[in-house]
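# Analysis of the macromolecular model
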Amino acid sequence: MSSPKFADFAHYKQERAALINHDRSLRRDNPESKVSPSEAKADAIIRQLRLSENNSVWATEHEGVPHPFPGMEFLTGRNIILKTKLFEILAKMPKGALLHAHLDATVNAEFVLKLALEQPALHVRTAEPISAVTLSGLLPEFRALPKELFTNSEITLTDPSYIPGTWVSVKKARDTFDSALGGPDGFDKWVIGAMTINPSEGQSITYQTHNTVNKIWEKFTSTFTVSTGIIRFVPIWEKYIYEFFRSSVEDGVSYVEVRINFHPKYMFGEDGQENVPHRVWLQIFDATLNRFKADLKQQGRADEFIGARIIYSTLRYISVEDLDSTCEDCITLKQEFPHLIAGFDLVGPENVLKPLIYYAESLLRFRERQKELGIDIPFILHAGETLGDGTEADVNLYDAILLGTLRIGHGFSLVKHPKLMEMCRERNILIEVCPISYEILRLTSSMLMHPLPILMNNGLPVALCSDDPAMFGNMGLSFDFYQVNDPLHSPILLTYFLQVLVASEVTGLIALRELARDSLLHSTLEDTEKQRAIAAWEKRWEDFVESIVS
Ligand SMILES: O=c1[nH]cnc2c1ncn2[C@@H]1O[C@H](CO)[C@@H](O)[C@H]1O
């Protein structure tokens, strides 16, 4: 064994500094990054603040949280986070692009219920009468009905004589909800509970009865089943999309690439018929996007939002035959809306659904078809959202990369694969990381055990993303919030940036800058649009830095 040789202790210290420098030079926020004098000053202020809040806010006991720590699990630490000055500062940070979110899970559940109550066509039913005994286990099923099927009878969901499966108008169901079960408030609580993994209940659901990945996914999947009945109805779809854009901008996001599940062929039209095809969904998306941008422009805020595109998604349980026709549908939409369709993905619980290898041949054919037609719909695939090592979900990472994925959705198990890490670094494949999602879906228990720093410190590009903010119930507290333009009520991305910052002694403001910039750099925007988006973001970043130092 060779023993280390040092001329003296000064030499040791010199070697030590060189080793630390070399190690840190491999990080995404390496010390060579260009840093302006204002950024250096702002970074020092942030570091000082972090230190003092670690010793003040985080070192004391809080109600119900006797041993808090920076970077602790989000659901428990949320109220402490809200008390920090760091949070207040980061609320103003321009965060770049949101590259990974499922549209069905992006708008606050209370807002969705409010939209439902405004629509006379929307009805609700249950599989049994609701009573104190059945309430917590029963899911509401929502659907828009044609006018001739509207029900005006006196029947109510909480009446013991309710005939299972009878449709009741949503408003009526709420108004007549048994007072012993909380009346209308009890109705709201029941519906919202069915559409979310609620923060307070969530702690027990997530950490006790549903404390495994597959178990919590059962609850998670049911939230989609409930909310889809409301969202996929044209008069609501439009308002829902507008609210998604609005809340994204409020969270400091200036561009989004959102995954839309096109597995259902139709949504419900205003007339209550389920016959509205995909192209109309996109027409509405496009028109709403333009309306939102015009509204921002009118408020003199045009530079806060560049736009939105869609990652066409379907579910990982369809047959190969169905995938072939789904790919054709995606191509048709791309031809009609080239500016909207940004990529293609297959979604759903990876541990239990079909692996990518099952679809690989069809996916390769899809790429060939695109070449023939002269169009480009890159794969932006979910892969490795698992605790496994060598399981089908983990092995999906090999397929995603071989299939040429532009980015990887989640890649939670990527750090187990040295060759794949190298390939992602060399091919500049960005990893879409969703910290709170992993925690709630039981992949990790705190920021400190999160693979995010391993990815970043190995030099891989990363973007922080919100995934399913509405289901995680962390976007606002009451109906009132929608009247209050308060960024603290829409904090999901903001919280991620804060968690990244507080969970490391090395990471500072420059790492946050790189995360935000990388999200825009790795978007599917065309070069000129991308440059424009980055320039607008840089201007806002400078203002943000100035606001810290001044
Ligand atoms: O984290 C995730 N990984 C994989 N699929 C997801 C995740 N979040 C949501 N969905 C899927 O997106 C569809 C809604 O459009 C749902 O079917 C849900 O399974």
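Residues numbered from 1 in each chain as written. Predicted model: local features only at pLDDT ≥ 70, side-chain atom pairs only at ≥ 80, totals over all residues. Heavy atoms only, no water.

Tallying secondary structure elements over the chain gives 20 helices and 13 strands in all. Expected size for 550 residues packed as a compact globule is a radius of gyration near 24 Å; at 24 Å, the chain falls within 12% of this value. C-alpha extents for the chain along the principal axes are approximately 90 × 60 × 55 Å. Considering the chain as a whole, with its 550 residues, one finds that 58% of them fall into the buried category. Put simply, of all contacts in the chain between residues at least 6 apart along the chain, 75% involve residues at least 24 apart. (Helix = DSSP H or I, 4+ residues; strand = E, 2+ residues; numbered from the N terminus. Rg over C-alpha atoms; globule rule 2.2 N^0.38 Å. Buried < 20%, exposed > 50% of the residue type's maximum accessible area, 1.4 Å probe, protein only. Contact = heavy atoms within 4.5 Å.)

Turning our eyes to something else, we now look at the domain arrangement of the chain. It is common to give the size of an interface as the accessible area that goes away when the parts come together. Taken domain by domain, the chain holds domain 1 (96-110 + 222-549) and domain 2 (120-195). Between domain 1 and domain 2, the C-alpha centre-to-centre distance is 33 Å. Taken together, the contact between domain 1 and domain 2 spans 17 residues of the former and 15 residues of the latter. It is Ala 109, Val 226 and Ile 230 in domain 1 that bury the most area against domain 2; as a group they hold 36% of the surface buried on that side. Here domain 1 and domain 2 share zero salt bridges between them. Between domain 1 and domain 2 we count zero residue pairs in polar contact (both at pLDDT 80 or more) in total. Per element, the largest residue contribution to the side of domain 1 that touches domain 2 is six residues, and it comes from helix 9 (residues 213-231). Of the residues in the side of domain 1 that touches domain 2, the class split is nine nonpolar, six polar and two charged. (Domains from an automatic or database assignment. Buried area = accessible area lost by both parts, 1.4 Å probe. Salt bridge = Lys/Arg side-chain N within 4 Å of Asp/Glu carboxyl O. Polar contact = N/O pair within 3.5 Å; in protein donor to acceptor, adjacent residues only side chain to side chain. Nonpolar A, V, L, I, M, F, W, Y, C, P; charged D, E, K, R; others polar.)

Attention shifts here to the layout of surface pockets. Put simply, the largest pocket is a space of about 900 Å³. In terms of lining, the largest pocket is formed by 39 residues, of which the most central are Phe 224, Thr 225, Thr 228, Asn 261 and Leu 315. Elements represented by at least two residues in the lining of the largest pocket include exactly strand 3 (141-144), helix 9, strand 5 (253-261), strand 6 (267-268) and strand 8 (307-315). By residue number, the principal contributor to the lining of the largest pocket is helix 9, which donates eight residues. When grouped by side-chain class, the residues that make up the lining of the largest pocket number 19 nonpolar, eleven polar and nine charged. Among the domains, domain 1 (96-110 + 222-549) and domain 2 (120-195) are the pair contributing at least three residues each to the lining of the largest pocket. (1 Å grid on protein atoms, 1.4 Å probe; cavity = no way out; pocket = protein on both sides within 12 Å on 5 of 7 lines; lining within 4 Å. Points joined across faces, edges and corners; volume = space filled by probe spheres on them.)

Moving on: the sheet that holds strand 2 (residues 122-125). In spatial order, the strands read 3-2-4; together these three strands make up an open sheet with antiparallel pairing. The sheet terminates laterally at strand 3 and strand 4 (168-169), the two strands that pair on one side only. Sheet contacts for helix 9: strand 2 and strand 3; angle to strand 3, the most-contacted strand, approximately 15°. (Pairing = 2+ DSSP bridges. Axes fitted to C-alpha atoms, helices over the stretch in contact; angles between N-to-C directions.)

Here the structure, examined in full by the defined rule, presents 24 aromatic pairs. The interplanar angle of 85° and the centroid separation of 5.6 Å between the aromatic rings of Phe 245 and Phe 285 together place this pair among those described as edge-to-face. Separated by 40 residues along the polypeptide, Phe 245 in helix 10 (residues 234-250) and Phe 285 in helix 11 (residues 278-298) bring together distant segments of the chain. For the pair Phe 245 and Phe 285, a shared accessibility class is recorded, and that class is buried. (Phe/Tyr/Trp six-rings, centres within 6.5 Å; stacked < 30°, edge-to-face > 60°.)

All right, on to the pairing of strand 5 then. Most of strand 5 is tucked away, with nine of its nine residues classed as buried. Judged from the three bridges that link them, strand 1 (residues 96-98) and strand 5 form a sheet pairing that is parallel. Looking across to strand 5, one finds that Gly 96 is bridged to Val 253. As defined by bridge partners, strand 5 adjoins strand 8 across seven bridges and the pair is classed as parallel. The residue bridging Arg 259 from the neighbouring strand is Ile 311, located in strand 8.

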